[in-house]
Amino acid sequence: MSHQELLQTRFPAAGLVFSDFRDNHRVHVPKERLVEVLTCLKTEGGFDMLVDITAVDYLEYENADDRFGVVYVLLNTSTGERTIVKTFVNDPDPTLPSMYPLWKSADWTEREVYDMYGIKFEGHPDLRRILMPDEFTAFPLRKDYPLKGRGERHNFPVITRSES
Amino acid sequence: MAVKDIPDNIFMTTLDAAANWSRANSLWPMPFATACCGIELMATASSRFDLSRFGAEVMRFSPRQCDLMIVAGRVAMKMLPVLQRIWLQMPEPKWCISMGACACTGGVFDTYAVVQGVDRFIPVDMYVPGCPPRPEQLIAGIIALQDKVIKTGTINGREFAKRTLPTGPAPFDADELIRIREGNELLPVLN
Ligand code: SF4
């Protein structure tokens, strides 16, 4: 049984949307059902590896209803099957449940999504910035953050030769 | 003692000239190699280009033992405090070469995370252009720096005390200020 059939039988009325592109199998999940769907995929579908979590900012995107899409890429290491689970969150205060209890690899990937997009993951044991310095205040991959920043790259003391 | 009494194997010089001569011919580089330019820096030190011909082959990974910092590669805003700290840890006399377009100006990386030229925040003596500069170019830069040391150096570093102005442009350019102002106006709306 493919994971799509599995999900269809388990969650007939959950509003899952399936789509395929070449060998990409994608499923859109409403935020409320995310934990159930991912737990089912892990325990029954055999997706034992969470390859990546990433996000997309759909600000000012045509035909977009939601601000952020969060993408989970799963891999079944015994069959080589892959699937992409996508869910949507919105301003203000975009929050999702953490997948750390299911897959330990969610630790750093969720921190990265938090660092770049400001999406919070509830239940994450240590949700800190992972790439930007701790004192950074913005979320740089959001579309409303200017490419050249708000002056953070120039916020340092200047050392002249006579004083060093 | 009259000059005519000095034997042939004794030379007269000034202390400054003697110090400059020895310093210029034994520059010990601190390889601050953060990106692709660092590969070229390694090539410069290796046998084909052989930096030791110019007395600068002793790469030291402790700033306490170096007198030439070679910033090779882009410096991210998270790395800049490290760069400044290493620069401050180097003992006098010290010089700095900014190698490559990224270290000099930020290069193509005009983004929030990359410092737009290390000379805005630490003093730079010599700029080596290129992306990446060829090893010959870096060697030319080091030779030019040796020339500078010989021509302007003093034994107790008096010439450094005169450089009270930053070598680079001011940290903020006008565009930057406009961007920040716009950003701040938008800030309550966005966050
Ligand atoms: S100047 Fe070019 S080669 Fe050097 S660090 Fe920048 S991109 Fe890399």
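In what follows, the structure referred to is the one given above.
This is a predicted model, so every value here is computed, not measured.

So, how was this worked out
Residues numbered from 1 in each chain as written. Chains lettered and ligands numbered in written order. Predicted model: local features only at pLDDT ≥ 70, side-chain atom pairs only at ≥ 80, totals over all residues. Heavy atoms only, no water. Near = heavy atom within 4 Å. Helix = DSSP H or I, 4+ residues; strand = E, 2+ residues; numbered from the N terminus. Nonpolar A, V, L, I, M, F, W, Y, C, P; charged D, E, K, R; others polar. Salt bridge = Lys/Arg side-chain N within 4 Å of Asp/Glu carboxyl O. Buried < 20%, exposed > 50% of the residue type's maximum accessible area, 1.4 Å probe, protein only. Contact = heavy atoms within 4.5 Å. Buried area = accessible area lost by both parts, 1.4 Å probe. Polar contact = N/O pair within 3.5 Å; in protein donor to acceptor, adjacent residues only side chain to side chain. Axes fitted to C-alpha atoms, helices over the stretch in contact; angles between N-to-C directions. Parallel < 35°, antiparallel > 145°, perpendicular 65-115°, else oblique. Pairing = 2+ DSSP bridges.

Novice: Pulling in residues and values, what's your account of the site of the ligand?
Specialist: Residue and element names in this part refer to chain B. Lining the immediate surroundings of the ligand are A35, C36, C37, G73, R74, G100, A101, C102, F109, G130, C131 and P132. Broken down by element, the residue count for the shell around the ligand peaks at 3 residues, all from helix 4 (residues 100-105). A breakdown of the residues in the shell around the ligand according to their chemical character gives 8 nonpolar, 3 polar and 1 charged.

Novice: How would you summarise the pattern of salt bridges if you had to cite specific residues and measurements?
Specialist: All names here are of chain B. As enumerated under the stated definition, the model contains 16 salt bridges over all chains in all. Residues K148 and D125 are paired through a salt bridge, measuring 3.2 Å at the closest nitrogen-oxygen approach. Of this pair, K148 sits in helix 5 (residues 135-152) while D125 sits in the loop between helix 4 and strand 4 (126-128), and the two are 23 residues apart along the sequence. Owing to a relative accessible area of 7%, D125 belongs among the buried residues under this scheme. The salt bridge involving K151 is made with D147; its shortest N-O contact spans 2.9 Å.

Novice: Would you mind going over the interface of chain B and chain A in detail, with residue names and values included?
Specialist: Listed per partner, the contact involves 33 residues of chain B and 26 residues of chain A. Buried area between chain B and chain A, summed over both chains or domains, comes out near 3000 Å², and the portion from carbon and sulfur atoms is 61%. Residue K148(A) pairs with D110(B) through a salt bridge whose shortest N-O separation is 3.1 Å. One can count 10 residue pairs in polar contact (both at pLDDT 80 or more) joining chain B with chain A. Broken down by secondary-structure element, the contributors of at least two residues to the side of chain B that touches chain A are helix 3 (80-89), helix 6 (158-161) and helix 7 (174-190) of chain B. The leading source of residues in the side of chain B that touches chain A is helix 7 of chain B, at 6 residues.

Novice: Tell me what's going on with the packing of helix 2 (residues 37-45) of chain B against helix 5 of chain B, and back it up with residues and numbers.
Specialist: Residue and element names in this part refer to chain B. Relative to each other, helix 2 and helix 5 sit at 75°, their axes nearing to 9 Å. In terms of axis orientation, helix 2 runs roughly perpendicular to helix 5. Judged by residue contacts, E40, L41, A43 and T44 of helix 2 engage P135, L138 and I139 from helix 5. Of the residues in the contact of helix 2 with helix 5, the class split is 5 nonpolar, 1 polar and 1 charged.

Novice: Lay out the sheet that holds strand 5 (residues 82-89) of chain A with the relevant residues and their values.
Specialist: Residue and element names in this part refer to chain A. Spatially, 5 strands are ordered 1-2-5-4-3 in an open sheet, and the strand pairing comes out mixed. Both edges of this open sheet fall to strand 1 (17-21) and strand 3 (49-57), since each of them pairs with a single strand only. With direction set aside, neighbouring strand axes in the sheet form an average angle of 20°. Here 3 bridges tie strand 2 (residues 24-28) to strand 5, and the two strands are oriented parallel to one another. Its bridge partner lying in strand 5, V27 is registered against V85. Contacting strand 3 and strand 4 (68-75), helix 3 (residues 106-117) crosses the sheet at an angle of about 5° to strand 3.

So yeah, pure geometry; function would need other evidence.
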